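Chain by chain, the residues run as shown.
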2 protein chains.
Amino acid sequence: MEFLTGITEKETLQLEELCDPRRIGTEVKTDGFVHSIRDMGEVTFVVLRERSGLIQCVFEEGVSALSPKELRESQTVRLCGMLQADERAPHGVEIRVKSGEILTSPYAPLPLPVGKWKLNTSLEAKLDNRSIALRNVRERAKFRIQEGIIRGFRDFLYSRQFTEIHTPKIGAKGAEGGSNIFKLDYFHKTAVLAQSPQFYKQMMVGVFDRVFETAPVFRAEKHNTKRHLNEYTSLDFEMGYIDSFTDIMEMETGFLKYMVRLLEKEYASELRILGITLPDVRRIPMVRFDEAKRLVSEKYGRKMKNPYDLEPEEEVLIGRYFQEEYGADFVFVTHYPSRKRPFYAMDDPEDPAYTLSFDLLFHGLEITTGGQRIHDYRMLREKIAARGMSEEGMEQYLDTFRYGIPPHGGLGIGLERLTMKLVGEDNVRETTLFPRDLSRLEP
Amino acid sequence: MEFLTGITEKETLQLEELCDPRRIGTEVKTDGFVHSIRDMGEVTFVVLRERSGLIQCVFEEGVSALSPKELRESQTVRLCGMLQADERAPHGVEIRVKSGEILTSPYAPLPLPVGKWKLNTSLEAKLDNRSIALRNVRERAKFRIQEGIIRGFRDFLYSRQFTEIHTPKIGAKGAEGGSNIFKLDYFHKTAVLAQSPQFYKQMMVGVFDRVFETAPVFRAEKHNTKRHLNEYTSLDFEMGYIDSFTDIMEMETGFLKYMVRLLEKEYASELRILGITLPDVRRIPMVRFDEAKRLVSEKYGRKMKNPYDLEPEEEVLIGRYFQEEYGADFVFVTHYPSRKRPFYAMDDPEDPAYTLSFDLLFHGLEITTGGQRIHDYRMLREKIAARGMSEEGMEQYLDTFRYGIPPHGGLGIGLERLTMKLVGEDNVRETTLFPRDLSRLEP
């Protein structure tokens, strides 16, 4: 009988291992995509694209049985040769090729010049050829940064005793109601796609106290802007026994600090490739909604149109104000008007026209919405009634409060938006692997 | 201006901190649910349920301003008192209460006896009262184990240079075709819910080489069994530059070993609560599909009905065979017949009636399906044509192969099934927070 033990010593090395100075002067094997070929006559430089970067391989005439003439872009190959230090090569090392084999070959030339440093191609063309465009080293680096964000979110919350949960995306009724819900046929019943895990995470506060989820959410919104998607990844948490809704903002600030450290430590190469300066998260200012409106209206002479809402342009100005006045990359805007927040938002006992809620703006764009929730069964039902809403389909959610639950609150972060701002893009589709919007359902 | 710094020193301590021997004899504050009350006359024992366990609080008559007579099950409270060592208490410590406050109170008695050690309630009743049933310490512990599994999956793959990806759940066409697809209305177009991230993860092998995703998948199957769900969490990975499909099984074995170590280290308390003996993952036997059928047919005298398929009963017998003969908890069954695998499965060049694929059985239940995929554009299109399938909607998927991709393969693991087997349950709904099946769309 054959057995597997999970121990496989691979002969082939990857970039990290090739950068180990102790390997200089030894014979090595590596595999990767043919990224670019530069024929200099007697010498040909072939750059391989590996999962963590580029490695230069040098073919000297007559040395290798595999001739560089046989190579072309987008083949995958396995090459063997002597590892040498060379300052001019990326990462300071190169392989002097002695032998090699072609693993696979493409059937057509690439439709985009992915070997270039900057892929100067329209967003539309990139999205139409997604699995090719992302082979560009800079394009793919954005999604490595995205990994660092979500990984930081989970690791920080694990360390703060949150439990990870998985709640259903198909349900009988949407959590927050409204018309922006996708409907589907579920065995001859009508079901909906979850627009947020809101109800479920609150229900689980009574079980695990602190919970989080990182999962897709679905919004049937007809917005067609640079910052909206109809499906995105939401980083949600909810925590019990809060003393104030400030506890939630402190937890998010703690996450941002942890995330920045993780990116510096584990994603330094991608930060360098993209030329990213990480934001300042040492201290994040906090301003009331009405105060923020007043400040930007005064400083920038902008007339307030609607006292109950923040227009995107106002968010941009608030971002600018706090950048100029305090050097801040982020700002918490608190106490949103009750009429603009969902029924479960806790009203401020000192002024029930406002809520104990907040948005976090990053360079003027909302990347988080959060706040304290109503935990009292009677108060919750009164607010549902006052809004003329029906309790139908909310029975189990309401039972959670009927049977008791601690004071709690939480938030949701849009992963693609946070990535977009962090890498300095201005369209959220740039930081979404396969965006879904009004016109795009493929690939 | 007020600033947030992410540093909050909480006065209240949680169980872990209370178990620190250096705190014995100090005054402490903690908060939690009133889990059970035992009135002994002059002394009342109140057990609080916190996020990581139970803590015993002792009220002596006349000592605390808050009388234990005011307390009842499912209130949330904050208590203050002297931390003392006591062997008879859970975790060896208890709090002698000096003062306290009631944070929230329920409006009705709990519908289930969650304070009991074992919640002897039917699965239906537990699912009908999910947010209450899970307040039982044993019930919730299963989902802490589930967290350990998914966390181990991600951490192990990060360490092996996999990149985490997020692929859309709404698409224009299902990855593997067939009738088991949920359809939805997407802005007056027909869209479908992803039954797997298969196409996307293969497309991303050309970008990141090694990728994984942990996300929901949707199957409109009309099965109503103990092991099927219509929505579940799939742990998927895909890796390039494999030398053989054995590389994929080795990677999975490596994950299982890592997972077992993580559970032992970080989830010891939950393992103890549930009385779990972790499976043996040191070496996992590997047997061909046809050989496995022959072995169990011979040993258990079971007649083979269909040479091309494994019936669930046969899987159980294969599990039993390898347990009896080799003491194995897991077994890889390899070389499934080509006609039972999807079109993208790589046929065995030595016998194209079989594929370079595998299932992993855990105590006789399939928890993983995986294998090597076809990477050659022409071979892939020929197989599509030979099956009489259409290429419509697969253009971008096929382009990935047209423009070149390395040899690769991967797998998908059902999180709820793996959890079920690990905690010793026999219905996958027991290890799903909010299961979705033919009859259940709520809560």
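No experiment lies behind these values; they were computed from the predicted model shown.

Thresholds, definitions, all that
- Residues numbered from 1 in each chain as written.
- Chains lettered and ligands numbered in written order.
- Predicted model: local features only at pLDDT ≥ 70, side-chain atom pairs only at ≥ 80, totals over all residues.
- Heavy atoms only, no water.
- Helix = DSSP H or I, 4+ residues; strand = E, 2+ residues; numbered from the N terminus.
- Buried < 20%, exposed > 50% of the residue type's maximum accessible area, 1.4 Å probe, protein only.
- Contact = heavy atoms within 4.5 Å.
- Areas by Shrake-Rupley, 256 points an atom, 1.4 Å probe, with all protein chains shown as cover.
- Lys, Arg positive; Asp, Glu negative; His and termini not counted.
- Charge placed at Lys NZ, Arg CZ, Asp CG, Glu CD.
- Expected span 1.5 Å × (residues − 1).
- Pairing = 2+ DSSP bridges.
- Axes fitted to C-alpha atoms, helices over the stretch in contact; angles between N-to-C directions.
- Buried area = accessible area lost by both parts, 1.4 Å probe.
- Salt bridge = Lys/Arg side-chain N within 4 Å of Asp/Glu carboxyl O.
- Nonpolar A, V, L, I, M, F, W, Y, C, P; charged D, E, K, R; others polar.
- Least-squares fit on C-alpha atoms with pLDDT ≥ 70 in both.
- Phe/Tyr/Trp six-rings, centres within 6.5 Å; stacked < 30°, edge-to-face > 60°.
- Lys NZ or Arg CZ within 6 Å of the ring centre and 35° of its normal.

Peer 1: Explain the overall build of chain A to me, using residue names and the numbers behind them.
Peer 2: Within chain A one finds 12 helices and 19 strands. Dimensions of chain A, computed from C-alpha atoms along their principal axes, come out at roughly 85 × 65 × 40 Å. Here chain A holds 443 residues, and 63% of them are scored as buried. For chain A, the share of sequence-separated contacts (at least 6 apart) that also reach a separation of at least 24 residues comes to 64%. About 17200 Å² of surface is accessible on chain A, with carbon and sulfur atoms providing 47% of the total. In chain A, which carries 63 positive and 70 negative side-chain charges, the distance between the mean positions of the two groups comes to 2 Å.

Peer 1: Summarise helix α6 (residues 246–266) of chain B; cite the residues concerned and give the values.
Peer 2: Between the first and last C-alpha of α6 of chain B there are 30 Å, a value that for 21 residues agrees with the 30 Å anticipated at 1.5 Å per step. Most of α6 of chain B sits inside the fold, with 15 of its 21 residues counted as buried.

Peer 1: Tell me about the sheet that holds strand β1 (residues 2–4) of chain A, and name the residues and values.
Peer 2: Strand order in the open sheet made by the 9 strands is β1(A)-β13(B)-β14(B)-β17(B)-β18(B)-β19(B)-β12(B)-β11(B)-β7(B), with mixed pairing throughout. The outermost strands of the open sheet, each flanked by one partner alone, are β1 of chain A together with β7 (163–164) of chain B. Bridging between β1 of chain A and strand β13 (residues 284–288) of chain B involves 3 bridges; their strand directions are antiparallel. Bridge pairing in β13 of chain B links Phe 3 of chain A to Pro 285 of chain B. Sitting on the sheet, helix α4 (residues 137–159) of chain B is in contact with β7, β11 (210–218), β12 (231–240) and β19 (408–414) of chain B, with an inclination near 155° to β11 of chain B.

Peer 1: If you had to explain helix α5 (residues 198–208) of chain B to someone new, which residues and values would you point to?
Peer 2: With 11 of 11 residues buried, α5 of chain B is to be regarded as a mostly interior element. Within two residues after α5 of chain B, Asp 209 of chain B carries a phi angle of roughly 75°, on the positive side.

Peer 1: Hey, could you go over the interface of chain B and chain A for me, with residue numbers and the actual values?
Peer 2: Frequently, the measure chosen for interface size is the accessible area removed from exposure when the parts meet. Taken together, the contact between chain B and chain A spans 129 residues of the former and 128 residues of the latter. Taken together, both faces of the contact between chain B and chain A bury some 11200 Å²; the carbon and sulfur share is 59%. Inspection of the region where chain B meets chain A yields 6 salt bridges. Sort the elements by how many residues they give to the side of chain B that touches chain A and α4 of chain B lands first, with 10 residues. In terms of residue class, the side of chain B that touches chain A is built from 58 nonpolar, 31 polar and 40 charged.

Peer 1: Can you explain the relation of the copies chain B and chain A? Please cite residues and give values.
Peer 2: Here the second copy of the chain follows from the first by a rotation about an axis and a shift along it. Overlaying chain B with chain A gives an RMSD of 0.0 Å, the required rotation being 180° about an axis along which the chain moves by 0.0 Å. With respect to symmetry, the two chain copies, as superposed, fit the operation of a two-fold axis. For chain B, the residue whose C-alpha comes nearest the rotation axis is Leu 184 of chain B, separated from it by 2.2 Å. Comparing interface residues between copies, 99% of those in chain B also lie at the interface in chain A; the contact surface is shared.

Peer 1: Describe the sheet that holds strand β4 (residues 53–60) of chain A, listing the residues and the values that go with them.
Peer 2: Residues and elements named next belong to chain A. Read around the closed barrel, the 5 strands follow the order β2-β3-β4-β6-β5; overall the barrel is mixed. Averaged over all neighbouring strand pairs, the angle between strand axes comes to 55°, with direction disregarded. Looking at chain direction, strand β2 (residues 27–39) and strand β5 (residues 76–85) are connected through 7 bridges and run antiparallel. Along β5, the bridge assignment pairs Asp 31 with Arg 78. Lying on the sheet, helix α4 (residues 137–159) is in contact with β2, β3 (43–50) and β4; it crosses β3 at an angle near 25°.

Peer 1: Before we move on, could you go through the pairing of strand β5 (residues 76–85) of chain B and cite the residues and values that matter?
Peer 2: Residues and elements named next belong to chain B. Taken across its 10 residues, β5 has 7 buried, putting it largely inside the fold. As judged from the 10 bridges shared by β5 and strand β6 (residues 93–104), these two strands associate in the antiparallel manner. By the bridge assignment, Thr 76 is partnered in β6 with Thr 104.

Peer 1: So what about the environment of Gly 240 of chain B? Which residues, and what values?
Peer 2: Residue and element names in this part refer to chain B. In this fold, Gly 240 is placed in strand β12. On the accessibility criterion, Gly 240 (4% relative accessible area) is buried. Residues Gly 240 and Tyr 377 lie 137 residues apart in sequence; the distance between their C-alpha atoms is 16 Å. Setting aside anything within four residues of it in sequence, one finds Gly 240 in contact with Val 205, Asp 209, Pro 406, Pro 407 and His 408.

Peer 1: Tell me about the packing of aromatic side chains, and name the residues and values.
Peer 2: If you walk through the whole model with that rule in mind, you get 44 aromatic pairs over all chains. Ring centres 4.9 Å apart and planes at 50° place the aromatic pair Phe 289 of chain A and Tyr 336 of chain A in the tilted group. Of this pair, Phe 289 of chain A sits in helix α8 (residues 289–300) while Tyr 336 of chain A sits in the loop between β14 (330–334) and β15 (347–348), and the two are 47 residues apart along the sequence. What links up through ring pairs into an aromatic cluster is the set Phe 153, Tyr 158, Phe 162, Phe 212, Phe 237 and Phe 255 of chain A. Cation over ring: Arg 283 of chain A sits above Phe 3 of chain B, and NZ or CZ is 3.7 Å from the ring centre. Here the basic side chain of Arg 288 of chain A rests over the ring of Tyr 354 of chain A, its NZ or CZ set 5.4 Å away from the ring centre.

What is shown is where atoms sit, not what they do.
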